[in-house]
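Given next are the chains, with one letter for each unit.
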Amino acid sequence: MSSGPDIVEIRDLVAVAERDPDVVTVGYTQLNVVVQEGGGTPSATVVAETSHGQAPSAGAAIAYSRGDHTHGTPALPTPAAIGASATGHAHTGVYDPAGTAAAAVTAHEAASDPHPQYLTGSEGNAAYSPLSHAHAAADIVSGTIAYPRLPVGTTSSTVAAGNDARLSDARTPLTHASSHASGGSDPVTPAAIGAAATGHAHTGVYDPAGTAAAAVTAHEVASDPHPQYLTGSEGNAAYSPLGHAHAGADITSGTVAYARLPVGTASSTVAAGNDSRITGALQAASNLSDVASAATARTNLAVPPTSRQVIAGAGLTGGGDLTTDRTLAVSYGSTSGTAAQGNDSRIVGAVQTSRQVLAGTGLTGGGDLSIDRTLSFGSGWWLPEDHGLVAWADDVIPTATVAPTAGTLYLIGMMVRRTIASGTRKGIIAITGAAVSPTASQNWMGLYNSSGTLQGSAADIGSATTSSGPLQATLGAFGLTAGLYWLAIIVNAGTPPTLARMSSITMINALANLNLSAAGLRWATNGTSLTSMPSSITPGSNVTTPNCFWGAIS
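None of the values given here were measured: they were computed from a predicted structure.

## Side note on the overall build of the protein chain
And step 1. For the protein chain, the count of helices and strands is seven helices and 32 strands.
And step 2. Per-residue burial for the protein chain yields a buried fraction of 23% across its 554 residues.
And step 3. With an accessible surface of roughly 34,900 Å², the protein chain has 56% of that area assigned to carbon and sulfur atoms.

What follows is the structure in structure tokens.
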């Protein structure tokens, strides 16, 4: 050895034994040993280190080891010894080879007819007719009108076969230290010996077990995994059943076979071309010359014989039998048995029926002279005869005012002498003094017929009574027939309005209702303490009143 210390770099050294006074310095990647010069006895033995799990020991021998000594190495551990599986092992029952499910579905979908229980388009076209199809008449003949494949190989994207020669080419492990054992400071990993760790996955090589079955199940439950086939509803929408029927309008070409026609002699049938009723029928081109007996035919047709006479009646000349044409002429004149000409002086200047009798002011009736005409006083006028009188000097006219009693139903009689077409009807009264504080929804106007039936009524007229002047209220839309009607009013207010009336004399009610029964009174009351218009009244219960208010309807 040299006179100075030697520096020796030692790797993969587990323990070094020196004799005193050796000084040992250990670094991260090298062990520097300073050996002083001196004598020593080399050892002829070493401690074997060929098994895992040996306990550490400082040793007691004073002999030193030779420079080329070795402790031996343990045998290369098996994958099982380090908790790993051999390369190329299988996961039978746990995984399917990668792509098995996708390949199965792809192969299934690419098959020409993987579902023979369905119809292909061509099969449907061969078995059914389109919904909108037509038939030739001659077509109407009844009735009237996997075992999985592994990608075995030696390149990428393949797997090795179980007897691949590369798996049987065993090699003697290189010399290494016990620190490579499982649990050592530098253990051998499964990857270092070509093994896979326990619990590893085969992503990209296998699919999880059941993937293919799940893919097929999802495919089978899809609503329409094979659009090239027709579903039942699609078939029903596109084709007609084999045993279907057609309407007559569907026959668009050809001629219907005779056997398909309802031939017969009754209604809803057709006659055959050689029907005896047609074969022996008279022909139009023969102009009746082909009848068996002309005389019998004339009798059957009620054709008169040539001996039948056309006789000229009163005022006519000519006539005779039918052996020749006959001309009848009018015999004009001014005596009995003759006719007057259009320019007869007795006719020219005569009053024509188109001439009108017109009804003037206050009258109704009139018209042309095609019928008798009657003129009458106009609608609304009361006549003496309505009171059982022959004549009078004048009817009563409004000359006074008075306030109606609150809640009393007042009736104002009016005579309609002709039919009035349907239209908007209004009731009219004369307010001479405005009402104060009319009660809401308690002031009304209506129209009753002679039977006491309410024909129409206005909305609450309370606000309209707070100012003087004519009060017009819409009663509704309806027509009137000739007869007696009563315009009816009800007022309720803090201070009722005053209304125009015929007179203030004591006997006005006696004069105004002279000779009239209760059911025919011109002015009357029919009920008290009312807040709404009754739907009907009893005319026989009418009571005369001196408050003969003026009113009108339009």
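Still to come is the rest of the account.
## Concerning the side chain of His219
And step 1. Topologically, His219 is positioned in helix α3 (residues 211-221).
And step 2. In terms of polar contacts, His219 uses its side chain to reach the side chain of His108, at 2.9 Å.
And step 3. In this view, His219 contacts His108, Glu109, His115, Pro225 and His226; residues no more than four positions away in its chain are not counted.

## What about unusual backbone geometry?
And step 1. Not every positive phi belongs to a glycine, and Ser437 is a case in point at roughly 55°.
And step 2. Note on placement: Ser437 falls in strand β23 (residues 436-438).
And step 3. Phi is positive for Asn515, close to 65°, though the residue is something other than glycine.
And step 4. Topologically, Asn515 is positioned in the loop between α7 (508-512) and β30 (523-525).

## Some points on the sheet that holds strand β15 (residues 328-330)
Within a beta sheet, neighbouring strands are joined by backbone hydrogen bonds and run either parallel or antiparallel to one another.
And step 1. The antiparallel open sheet is built from three strands, whose spatial order is β13-β14-β15. Because the sheet does not close on itself, it has two edges, and the strands there are β13 (309-311) and β15. Taking the axes of each pair of neighbouring strands and ignoring which way they run, one obtains an average angle of 10° across the sheet.
And step 2. Where strand β14 (residues 316-321) lies against β15, three bridges are found, and the strand directions are antiparallel. Bridging across to β15, Thr317 finds its partner in Ala329.

## Digging into the pairing of strand β29 (residues 498-501)
And step 1. Note that strand β20 (residues 400-402) and β29 share three bridges and pair antiparallel. Across the sheet, residue Val402 finds its bridge partner in β29, namely Leu499.
And step 2. Sheet topology places strand β22 (residues 420-433) next to β29; two bridges connect them, and they run antiparallel. Across the sheet, the residue bridging to Ile431 is Leu499, located in β29.

## Re the pairing of β14
And step 1. As defined by bridge partners, β13 adjoins β14 across three bridges and the pair is classed as antiparallel. In the sheet register, Gln309 faces β14, and the bridge partner there is Asp321.
And step 2. The turn joining β13 and β14, which pair antiparallel and follow one another in sequence, is formed by four residues; a positive phi near 85° is taken by Gly315.
And step 3. Hairpin connection, β14 to β15: the antiparallel pair is bridged by six residues.

## Details of the nonpolar core
And step 1. With 26 residues, the main nonpolar core has Ile412, Ile429, Met445, Leu475, Leu480, Leu487 and Ile489 as its most contacted residues.
And step 2. Of all the secondary structure elements, the ones that give two or more residues to this core are β21 (410-416), β22, β24 (444-449), β26 (469-480), β27 (483-490) and α7.
And step 3. Considering each element in turn, this core owes the most residues, five residues, to β26.
And step 4. Excluding anything up to four places from it in sequence, Leu475 contacts Arg425, Lys426, Gly427, Met445, Gly446, Leu447, Gly456, Ser457, Ala458 and Leu487.

## Description of the confidence of the model for the protein chain
And step 1. Residues at a pLDDT of 70 or more form 84% of the protein chain, whose mean pLDDT is 79.
And step 2. When the elements of the protein chain are averaged for pLDDT, strand β1 (residues 23-26) gives the smallest value, 43, and β24 the largest, 97.
And step 3. In the model, residues 1-37 has pLDDT below 50 throughout and makes 35 contacts with residues more than four positions away in sequence or in other chains.

## A few points about the pattern of salt bridges
And step 1. Summed over the entire model, instances satisfying the criterion amount to one salt bridge.
And step 2. Close ionic contact of Asp321 with Arg326 constitutes a salt bridge, the shortest N to O distance being 3.0 Å.

## Quick word on the sheet that holds strand β31 (residues 543-544)
And step 1. Spatially, the six strands line up as an open sheet ordered β25-β24-β27-β21-β30-β31, and their pairing is antiparallel. Because the sheet does not close on itself, it has two edges, and the strands there are β25 (454-457) and β31.
And step 2. Of the strand pairs in this sheet, β24 and β27 are connected by six bridges, and their pairing is antiparallel. Its bridge partner being in β27, Met445 is matched across the sheet by Ile489.

Criteria and thresholds
Residues numbered from 1 in each chain as written. Predicted model: local features only at pLDDT ≥ 70, side-chain atom pairs only at ≥ 80, totals over all residues. Heavy atoms only, no water. Helix = DSSP H or I, 4+ residues; strand = E, 2+ residues; numbered from the N terminus. Buried < 20%, exposed > 50% of the residue type's maximum accessible area, 1.4 Å probe, protein only. Areas by Shrake-Rupley, 256 points an atom, 1.4 Å probe, with all protein chains shown as cover. Polar contact = N/O pair within 3.5 Å; in protein donor to acceptor, adjacent residues only side chain to side chain. Contact = heavy atoms within 4.5 Å. Pairing = 2+ DSSP bridges. Axes fitted to C-alpha atoms, helices over the stretch in contact; angles between N-to-C directions. Core = buried A, V, L, I, M, F, W, Y, C linked by side-chain atoms within 4.5 Å. pLDDT = per-residue confidence, 0-100. Salt bridge = Lys/Arg side-chain N within 4 Å of Asp/Glu carboxyl O.

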